[in-house]
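Here is what each chain is made of, one letter per residue.
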Amino acid sequence: MKNISFILVLLLFSCQKEDEIFNIVNLNRNNITVLGHGGMGIASTYPIDTYESIVNCLNLGTDGSEIDVQMTKDSFLVAFHDSDLDTKTNLSGMISQHNYDEIKDAYYDETPYMTYSLVSLDQLFSNIEDLASYKFTFDCKLYNADASNDAYLTTFADAIVKISKKYNLQRRIYIESNDKNFLSLLANKNERFKLFIYPQTFEEGLATATELNLYGITISNDDISAEQMLVAHNQGFRVAVWNVETEQNNLDAIRKNPDFIQTDKVKYLVSALSATDDVIQPLSKQMYKIDSLKNCKSDSTSKVQRVTKTAIATE
């Protein structure tokens, strides 16, 4: 009898805890859009922003992925985070200093990532099955831009318009930047892009979002409180949080009621938001992984040979 009572107490506590976590109220129809951080996140067996990282993230049941986006000298968009290629790849220099043909064979040269290649957005999107089912955030890296460099910013904005139209993603992408001029140029394209300011502080983000009439604010989970989240929502701004690197970070972020979470713990967040009132359930769908896209250099005119799907290992 004592054991039964103890179990009932545990179940009651569990239900209360789940109610606290999953009572979501936001501007996203009271749902949180789950996006991987560069795919599977910084602690994954795949380097972020690679085809393998992003596709495995999608196969885990996310709504989509955040992608770091840079532009080559000849206006190709490439998924890569760092300002210089020599930090992680076999090449050197900034992506913006190279034509695409000069970097299309670049690969990550850090252990254990040496089988993975850089990928262009064209290559990425042309090889994702059921692309229309997913959403993507473009974190636009303007490493060699300044507020007065309208020519570069306009070319970058035009490249985004071109790729979004080519794959019919206008309503399925979110674009974030810390550059007000760049966001203004994108707004003037009249493509109905959902634009986010990427500020240093919440106050700065709220002021800029108000000034430019943006869709929302992207901010570190450490730099926004639940109360500030409510302020943003009351003024009509969606909020995306990042720097969500652990299971506890995921739970802390959920409790603040953001509209989007860019997580490094993809599998856990999908599981947590799929939980019943009684217990966090494991993912119901079978998980798959893509082993490698190395040597896949397709463009929109040719598809890669489909990679065999195998059960995914725990990240």
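Refer to the structure above for everything that follows.
Residues numbered from 1 in each chain as written. Predicted model: local features only at pLDDT ≥ 70, side-chain atom pairs only at ≥ 80, totals over all residues. Heavy atoms only, no water.

Engineer: Please give an account of the overall build of the protein chain that cites residues and values.
Structural biologist: The number of helices and strands found in the protein chain is 10 helices and 12 strands. Pairs at least 24 apart in sequence give 56% of the contacts found in the protein chain among residues at least 6 apart. Of the roughly 14,900 Å² of accessible surface on the protein chain, a fraction of 49% belongs to carbon and sulfur atoms. (Helix = DSSP H or I, 4+ residues; strand = E, 2+ residues; numbered from the N terminus. Contact = heavy atoms within 4.5 Å. Areas by Shrake-Rupley, 256 points an atom, 1.4 Å probe, with all protein chains shown as cover.)

Engineer: Could you give me a rundown of the side chain of Thr 218, with the residues and numbers involved?
Structural biologist: Along the chain, the position of Thr 218 falls in strand E8 (residues 216-220). The exposure class of Thr 218 is buried, given its relative accessible area of 1%. At 2.8 Å, the side chain of Thr 218 and the side chain of Glu 176 are in polar contact. The residues touching Thr 218, leaving out its near neighbours within four places in the chain, are Glu 176, Phe 196, Ile 197, Tyr 198, Pro 199, Ala 240, Trp 242 and Gln 262. (Buried < 20%, exposed > 50% of the residue type's maximum accessible area, 1.4 Å probe, protein only. Polar contact = N/O pair within 3.5 Å; in protein donor to acceptor, adjacent residues only side chain to side chain.)

Engineer: Describe the pairing of strand E6 (residues 173-177), naming the residues involved and giving the relevant values.
Structural biologist: Among the 5 residues in E6, 5 count as buried, and that is most of the element. Where burial is concerned, the two faces of E6 agree: the one with Ile 173, Ile 175 and Ser 177 and the one with Tyr 174 and Glu 176 are both buried. Pairing analysis gives 4 bridges linking strand E5 (residues 135-140) to E6, with the strands arranged parallel. In the sheet register, Phe 138 faces E6, and the bridge partner there is Ile 175. Relative to strand E7 (residues 194-197), E6 is paired through 4 bridges, and the arrangement is parallel. Paired with Ser 177 across the bridge in E7 is Ile 197. Note that the unit made of E6, helix H6 (residues 180-187) and E7 has a crossover that is right-handed. (Pairing = 2+ DSSP bridges. Right-handed = clockwise from strand over helix to strand, strands pointing away.)

Engineer: So what's going on with the packing of helix H7 (residues 202-212) against helix H8 (residues 226-234)? Which residues, and what values?
Structural biologist: Across the interface, H7 lies against H8 with an axial gap of 11 Å and an inter-helix angle of 5°. Classified by the interaxial angle, the pair formed by H7 and H8 is roughly parallel. Contact residues: Phe 202, Glu 203 and Leu 206 in H7; Gln 228, Val 231 and Ala 232 in H8. When the residues that make up the contact of H7 with H8 are grouped by side-chain class, the tally is 4 nonpolar, 1 polar and 1 charged. (Axes fitted to C-alpha atoms, helices over the stretch in contact; angles between N-to-C directions. Parallel < 35°, antiparallel > 145°, perpendicular 65-115°, else oblique. Nonpolar A, V, L, I, M, F, W, Y, C, P; charged D, E, K, R; others polar.)

Engineer: Describe in detail the pattern of salt bridges, supporting the description with residues and values.
Structural biologist: Going through the model one piece at a time under the given rule, you end up with 9 salt bridges. Across the pair Lys 141 and Asp 139 runs a salt bridge, and its minimum N-O distance is 3.1 Å. Relative accessible area serves as the criterion here: at 12%, Lys 141 is assigned to the buried category. In this structure, Asp 158 and Lys 189 form a salt bridge, with 2.5 Å as the shortest nitrogen-oxygen distance. Within this pair, whereas Asp 158 is found in helix H5 (residues 150-166), its partner Lys 189 is found in the loop between H6 and E7, the two being separated by 31 residues in sequence. (Salt bridge = Lys/Arg side-chain N within 4 Å of Asp/Glu carboxyl O.)

Engineer: Quick rundown of the packing of aromatic side chains? Include the residues and the values.
Structural biologist: For the structure shown, the criterion picks out 14 aromatic pairs. Site record: aromatic cluster; members linked through ring pairs are Phe 125, Phe 136, Phe 138 and Tyr 167. Over the aromatic face of Tyr 215 sits the side chain of Lys 194, whose NZ or CZ is 5.9 Å from the ring centroid. (Phe/Tyr/Trp six-rings, centres within 6.5 Å; stacked < 30°, edge-to-face > 60°. Lys NZ or Arg CZ within 6 Å of the ring centre and 35° of its normal.)

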